Amino acid sequence: MNSKTKKIHFPFTNTILILSLVLLLFPLFSINLVVNSIDETNIKLVRLLFLLSTLLSASGFIYCTIGFHYKIVSGDELKFRIHLEALNIAFTTTLVFLFALIFIFINFKPTWLNYLILIVAIIAIVAYLIGVEIVKRKYR
Amino acid sequence: MKNILHILRAEKRYSQDDLAKLVDVSRQTINAIEREKYDPSLPLALKIAKVFNKKVEEIFFLEEV
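Residues and elements named next belong to chain B. Where helix α2 (residues 16–23) meets helix α4 (residues 42–51), the axes come as close as 10 Å, and the angle between the chain directions of the two elements is 115°. Classified by the interaxial angle, the pair formed by α2 and α4 is roughly perpendicular. Where α2 crosses over α4, the handedness of that crossing is right-handed. Residues L19, L22 and V23 of α2 pack against L44, K47, I48 and V51 of α4.

It is worth spelling out the packing of aromatic side chains at this point. Residue and element names in this part refer to chain A. As enumerated under the stated definition, the model contains six aromatic pairs over all chains in all. Relative to F50, the ring of F26 has its centre 6.1 Å away and its plane inclined at 85°; by these criteria the two rings are edge-to-face. You can see F26 sitting in helix α2 (residues 13–34) and its partner F50 sitting in helix α3 (residues 43–73), a full 24 residues away along the chain. Residue classification places F50 among the buried residues on the basis of a relative accessible area of 16%. Measuring from ring centre to ring centre gives 5.7 Å for F105 and W112, while their planes differ by 55°; the resulting arrangement is tilted.

Turning our eyes to something else, we now look at helix α3 (residues 27–34) of chain B. Here α3(B) has its buried residues at B:T29, B:I30, B:A32, B:I33 and B:E34. Once α3(B) finishes, B:E36 follows within two positions and takes phi at roughly 60°, a positive value.

Between chain A and chain B, the contact holds eight residues from the first and 12 residues from the second. Inspection of the region where chain A meets chain B yields zero salt bridges. At the junction of chain A with chain B, the criterion picks out four residue pairs in polar contact (both at pLDDT 80 or more). Counting only elements with at least two residues in the side of chain A that touches chain B, the list comes to α4 (77–108) and α5 (116–139) of chain A. With three residues, α4(A) is the largest single contributor of residues to the side of chain A that touches chain B. Of the residues assigned to the side of chain A that touches chain B, the class counts are two nonpolar, no polar and six charged.

Conventions and cut-offs
In every chain, residue numbers begin from 1 and rise along the written sequence. Chains and ligands are labelled sequentially in the order written, the chains with letters from A and the ligands with numbers from 1. For this predicted model, a pLDDT threshold of at least 70 governs which residues receive local features, and a threshold of 80 or more governs which side-chain atom pairs are given and counted, while totals over whole chains, interfaces and linings are taken from all residues. Working from all heavy atoms in the structure, the side-chain values ignore hydrogens and water. A fitted line through C-alpha atoms serves as each axis, taken over the contacting stretch for helices, and the angle formed by two N-to-C directions is quoted from 0 to 180°. For the purposes of this entry, the term helix denotes a DSSP run of H or I that reaches at least four residues, the term strand denotes a run of E that reaches at least two, and both are numbered from the N terminus. Throughout, the term roughly parallel applies to angles under 35 degrees, roughly antiparallel to angles over 145, roughly perpendicular to angles from 65 to 115, and oblique to all others. In this scheme the crossing of two helices becomes right-handed for a clockwise turn of the near helix relative to the far one and left-handed for an anticlockwise turn of less than a right angle. By the convention used here, residues are in contact when the closest approach between their heavy atoms is within 4.5 Å. For Phe, Tyr and Trp, where Trp contributes only its six-membered ring, two rings pair if their centres lie within 6.5 Å, and the inter-plane angle classes them as stacked under 30 degrees, edge-to-face over 60, or tilted in between. Only protein chains enter the calculation, and the probe is 1.4 Å; a residue is then buried if its accessible area is under 20% of its type maximum, exposed if over 50%, and partly exposed in between. For salt bridges, the criterion is a side-chain nitrogen of Lys or Arg within 4 Å of an Asp or Glu carboxyl oxygen. Whenever two N or O atoms come within 3.5 Å, that pair is a polar contact, provided that in protein one can donate a hydrogen and the other can accept it, and provided that, for residues adjacent in sequence, both atoms are side-chain atoms. Residue type decides the class: Asp, Glu, Lys and Arg count as charged, Ala, Val, Leu, Ile, Met, Phe, Trp, Tyr, Cys and Pro as nonpolar, and the leftover types, Gly among them, as polar.

Okay, here's the thing in structure tokens:
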């Protein structure tokens, strides 16, 4: 399996990650610039442009995620172990927060349920990054 | 798990980096193995044994009770 994964290359992952981030935020910043000039004739074009930027951004993030995964899997075994242990920490933390947030939102802030996935995604990323640092200390 | 990797490495006058390159891992991995913070996978243990021309059990062994 290892020899197979070594053959797969995902070039320019860092560049694509930055570009994806820019494309993800593009509608947010550009809407203020074009908001006054939007009318019935060009609204479809603006929507299409925003759809395209977010679609490209999502594709970029998926590419980078797969790229980083293969890079770790086919790389150094200690780094892979750190990655797995950090994922374990991130998964447990996310699960705990998910149930806690569902309880809080359903009972006190039902409208916040719309943002649940977004909040959980941020928690998962932060938990992973903290997890990596904790596990790194263990092997230092 | 105990090991005598640092002794064997010193005998051959390999740096951690040299050994890491020979067995295709990072220097940090070799360091963690030597400090007994991390137990190598079986393929890595076999690769290390091959470098020093020894059996795996001559390099890695369980702590005696």
